[in-house]
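# Secondary and tertiary structure notes
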Amino acid sequence: MRLKTSGRTRNTALDMVPMVNFAFLLLIFFLMIGVRAGRDTLVNPPASTPRVNWQQEREALTLLADGRLYWRDQPLQAAQLPGLVSQWGREYPGEPLPLAADAAADANQVVAVLEGLRAAGLGQIRLITVNRR
């Protein structure tokens, strides 16, 4: 038995344009959400656990709240940092220099000391902290 068909044949191919449009819309959506999530994410800084008692450590560069520097209980000027770095490198090769900055010290002072140490050639610094309980 033969069925009559109309003279026109049906196009059975899928139109891919809507699917491509949908894929691009999803891509744009996830890109925008990813960029926004990166800016709104809260940062949880790591907890600090001191490994040594900083009050007993005499080998730490100390920055007081008023900006004065001390090394081995002796006052130190910022211009003397290159000499300190070379002395530290001779006595403790490859070890990070401990820096004990007062909590009340201005952040700009701490950054200035860190930049001075880096300019003098120091590669690593260990910031001495205390537990906050």
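That block above? That's the structure.
Given the structure is predicted, the values throughout are model-derived calculations rather than measurements. (Residues numbered from 1 in each chain as written. Predicted model: local features only at pLDDT ≥ 70, side-chain atom pairs only at ≥ 80, totals over all residues. Heavy atoms only, no water.)

### Structural notes on the pattern of salt bridges
Inspection of every chain in the model, using the stated rule, returns two salt bridges. In this structure, the salt-bridge partner of D66 is R68, at a minimum N-O distance of 2.7 Å. Overall, the relative accessible area of 48% leaves D66 in the partly exposed class. Of the charged contacts in the structure, one is a salt bridge between E91 and R72, with a shortest N-O distance of 2.3 Å. Of this pair, E91 sits in helix α2 (residues 81–91) while R72 sits in the loop between β2 (69–71) and β3 (74–76), placing them 19 residues apart in sequence. Accessibility expressed as a relative area gives 37% for E91, which makes it partly exposed. Given a relative accessible area of 23%, R72 falls into the partly exposed group. (Salt bridge = Lys/Arg side-chain N within 4 Å of Asp/Glu carboxyl O. Buried < 20%, exposed > 50% of the residue type's maximum accessible area, 1.4 Å probe, protein only. Helix = DSSP H or I, 4+ residues; strand = E, 2+ residues; numbered from the N terminus.)

### Here's the deal with α2
Residues that lie three or four places apart on an α-helix share one face, since the helix turns once every 3.6 residues. If you check which residues of α2 are buried, you get L81, L84, V85 and W88. Along the long axis of α2, the arc covered by the buried residues comes to 100°, so they all point the same way. Looking at the packing, one finds that the buried side of α2 touches β1 (61–63), β2, β3, β4 (97–101) and α3 (107–119). (Arc of directions from axis to C-beta. Contact = heavy atoms within 4.5 Å.)

### Observations concerning the packing of aromatic side chains
Taken as a whole and assessed by the stated rule, the structure comprises three aromatic pairs. With 5.2 Å between their ring centres and 70° between their planes, F29 and F30 make a pair best called edge-to-face. In this structure F29 comes out as partly exposed when scored by relative accessible area, which is 47%. Ring centres of W71 and W88 lie 5.9 Å apart, and the angle between their planes is 80°; on these two criteria the pair is classed as edge-to-face. You can see W71 sitting in strand β2 and its partner W88 sitting in helix α2, a full 17 residues away along the chain. Judged by its relative accessible area of 6%, W88 is buried. An aromatic cluster of at least three residues, connected via ring pairs, comprises W71, W88 and Y92. (Phe/Tyr/Trp six-rings, centres within 6.5 Å; stacked < 30°, edge-to-face > 60°.)

### So, the environment of Q87
The topology assignment puts Q87 in helix α2. The partly exposed category is assigned to Q87, whose relative accessible area is 22%.

### Points about the environment of G116
Along the polypeptide, G116 turns up in helix α3. C-alpha separation for the pair G116 and Q80, spaced 36 residues apart in sequence, amounts to 9.7 Å.

### Notes on the sheet that holds β2
Ordered in space as β3-β2-β1-β4-β5, the five strands form an open sheet in which the pairing is mixed. With partners counted over all chains shown, the strands left at the sheet margins are β3 and β5 (125–127), one partner each. Neighbouring strand axes in the sheet, compared pairwise and without regard to direction, differ in orientation by 30° on average. Where β2 and β3 come together, three bridges link them in antiparallel fashion. Considered in β3, the bridge of W71 is made with Q74. Each of β1, β2, β3 and β4 touches α2; the most contacted strand, β2, lies at about 30° to it. Relative to the sheet, α3 contacts β1, β2, β4 and β5, its axis offset from that of β1 by approximately 150°. (Pairing = 2+ DSSP bridges. Axes fitted to C-alpha atoms, helices over the stretch in contact; angles between N-to-C directions.)

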